[in-house]
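Working through the structure, step by step
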Amino acid sequence: MGRAAIAVAVAGAAVLAGCTVQPADGDGKRRSPVHIEMPGDTPAPARSPAGGGGPGTASAPPTDDKPSAAPAPARVLWSRGDTGRDVRELQARLRQVAWLFDGPTGTYDDATERAVSGFQGKRGLPRTGRTDTVTWQRLLGMTREPGRWDLYLMGGQPADPPDARCLTGRVLCIDKSSRTLRWMVDGRTVSTVAVRFGSQYTPTREGVFSVYWKSRDHVSTLYDSPMPYAMFFSGGQAVHYSADFAARGYAGASHGCVNVRDERAISELFAQVRNGDKVVVSW
């Protein structure tokens, strides 16, 4: 029998005995052409068919049948009773989308809670009335950054340091930059209120004046409009209560007078100020 025929016969026997023919090793050297798997050898792990399943397929690891954890609830940023500048911004943005019509006040009150709840419900969010991260991001996407006077549309802004001319005597110290009036006695601030001034066409005059006439229930003869608690300091210009300022805030302007929107505060001020007291109007 020829050498080639012998090799074929041996290979056939190897197949029948459960053998595999080994190719040359990577170093090019020939090894025994036949490897015979004898009983007791550790069997090779079964291979899964390309399509998966079928006999000999390795079993998949058991799956965890526990339900997946629910997503964490949105974090609450502000809710009823909170105060501060962030609440003012929330209220200013709610005004932009017509869910809030009062303020901003800087206090998360009943009106703010109702506005937030309505905004949430309109957009399919849980109507909690609390401003969480999801509600806030949705509101940010629909509104613009509020400016300073959007935040203080109805007053409440802090006063700037008083003009040096206000530090002696009894003074109505009026600051156009911060839109505030300080009532000061001998350099001490007794009270502070938000005020509004004339428009560019009817500006409030600046300088040092004095109160020359007080009129509790005054009505303007020029504009036929009420000017309660009027304290005149320069011609027809006076510090007085304004119902329009109380209703619209800085969305409007006076005809040159210094408007006060807090009626209780100006009634107390009217009772304390005397004719002859100094008035300083400055930027």
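Scroll up to find the structure.
All of the points below concern the structure found in this document. Small disclaimer: the values here were computed from a predicted structure and weren't measured.

This part takes up unusual backbone geometry. A cis amide bond links G103 with the next residue in sequence, P104, at an omega value of 5°. Here P104 lies in the loop between α2 (85-96) and α3 (110-122). One non-glycine residue with positive phi stands out, namely A98, at about 60°. You can see A98 is positioned in the loop between α2 and α3. When its relative accessible area of 44% is taken as the criterion, A98 is described as partly exposed. The backbone of R179 shows a phi angle near 55°, a positive value even though the residue is not glycine. Mapping R179 onto the fold places it in the loop between β5 (170-175) and β6 (180-185). Judged by relative accessible area, which is 22%, R179 ranks as partly exposed.

Under the criterion given, the structure shown has seven aromatic pairs. Pairing W149 with Y250 gives two aromatic rings, centres 5.4 Å apart and planes at 55°, and the pair type is tilted. Linking W149 in helix α5 (residues 148-151) with Y250 in the loop between α6 (243-248) and β12 (258-260), this pair joins segments that are 101 residues apart in sequence. Each residue in the set W149, F245 and Y250 is aromatic and connected to the rest through ring pairs, giving one cluster. Between K176 and the ring centre of F197, over which it is positioned, the NZ or CZ distance is 6.0 Å. Across from the ring centre of F270, 4.4 Å away, lies the NZ or CZ of K214, which sits over that ring.

Each pocket or cavity is described by its volume, and for the largest pocket that value is around 430 Å³. Taken together, 25 residues make up the lining of the largest pocket; nearest its centre are Y223, S225, M227, H240 and H255. Looking at the lining of the largest pocket, the elements that each hand over two or more residues are β9 (213-219), β10 (226-234), β11 (237-241) and α6. Per-element accounting of the lining of the largest pocket gives the leading share, four residues, to β10. Split by residue class, the lining of the largest pocket holds 11 nonpolar, 12 polar and two charged.

In globular proteins that are soluble, nonpolar side chains generally tend to be buried together. Among the nonpolar cores identified, the biggest contains 22 residues, and L172, I174, L181, V195, M231, V239 and V279 are the most heavily contacted of them. Of all elements in the fold, only β5, β6, β7 (188-196), β10, β11, β12, α7 (263-272) and β13 (278-282) reach the threshold of two or more residues within this core. Apart from residues no more than four positions distant in its own chain, L181 is found in contact with L172, C173, I174, S191, T192, V193, V195, V239 and L269. Counting 12 residues, the second-largest nonpolar core is a separate cluster that includes W78, V97, L100 and Y108.

The tally for this structure, following the rule as stated, stands at one disulfide. Each sulfur of the disulfide joining C166 and C173 lies 2.1 Å from the other. The chirality of the disulfide connecting C166 with C173 is right-handed, given an S-S dihedral of about 80°. With respect to class, C166 is no different from C173; both count as buried.

Attention now moves to the pattern of salt bridges. Scanning all chains against the criterion turns up 13 salt bridges. Here R80 and E113 are joined by a salt bridge, their closest N and O atoms 2.4 Å apart. Taken together, the positions of R80 in the loop between β3 (76-78) and α2 and E113 in helix α3 put the pair 33 residues apart, joining distant regions of the chain.

About the cut-offs
Residues numbered from 1 in each chain as written. Predicted model: local features only at pLDDT ≥ 70, side-chain atom pairs only at ≥ 80, totals over all residues. Heavy atoms only, no water. Helix = DSSP H or I, 4+ residues; strand = E, 2+ residues; numbered from the N terminus. Buried < 20%, exposed > 50% of the residue type's maximum accessible area, 1.4 Å probe, protein only. Phe/Tyr/Trp six-rings, centres within 6.5 Å; stacked < 30°, edge-to-face > 60°. Lys NZ or Arg CZ within 6 Å of the ring centre and 35° of its normal. 1 Å grid on protein atoms, 1.4 Å probe; cavity = no way out; pocket = protein on both sides within 12 Å on 5 of 7 lines; lining within 4 Å. Points joined across faces, edges and corners; volume = space filled by probe spheres on them. Nonpolar A, V, L, I, M, F, W, Y, C, P; charged D, E, K, R; others polar. Core = buried A, V, L, I, M, F, W, Y, C linked by side-chain atoms within 4.5 Å. Contact = heavy atoms within 4.5 Å. Disulfide = S-S within 2.5 Å. Salt bridge = Lys/Arg side-chain N within 4 Å of Asp/Glu carboxyl O.

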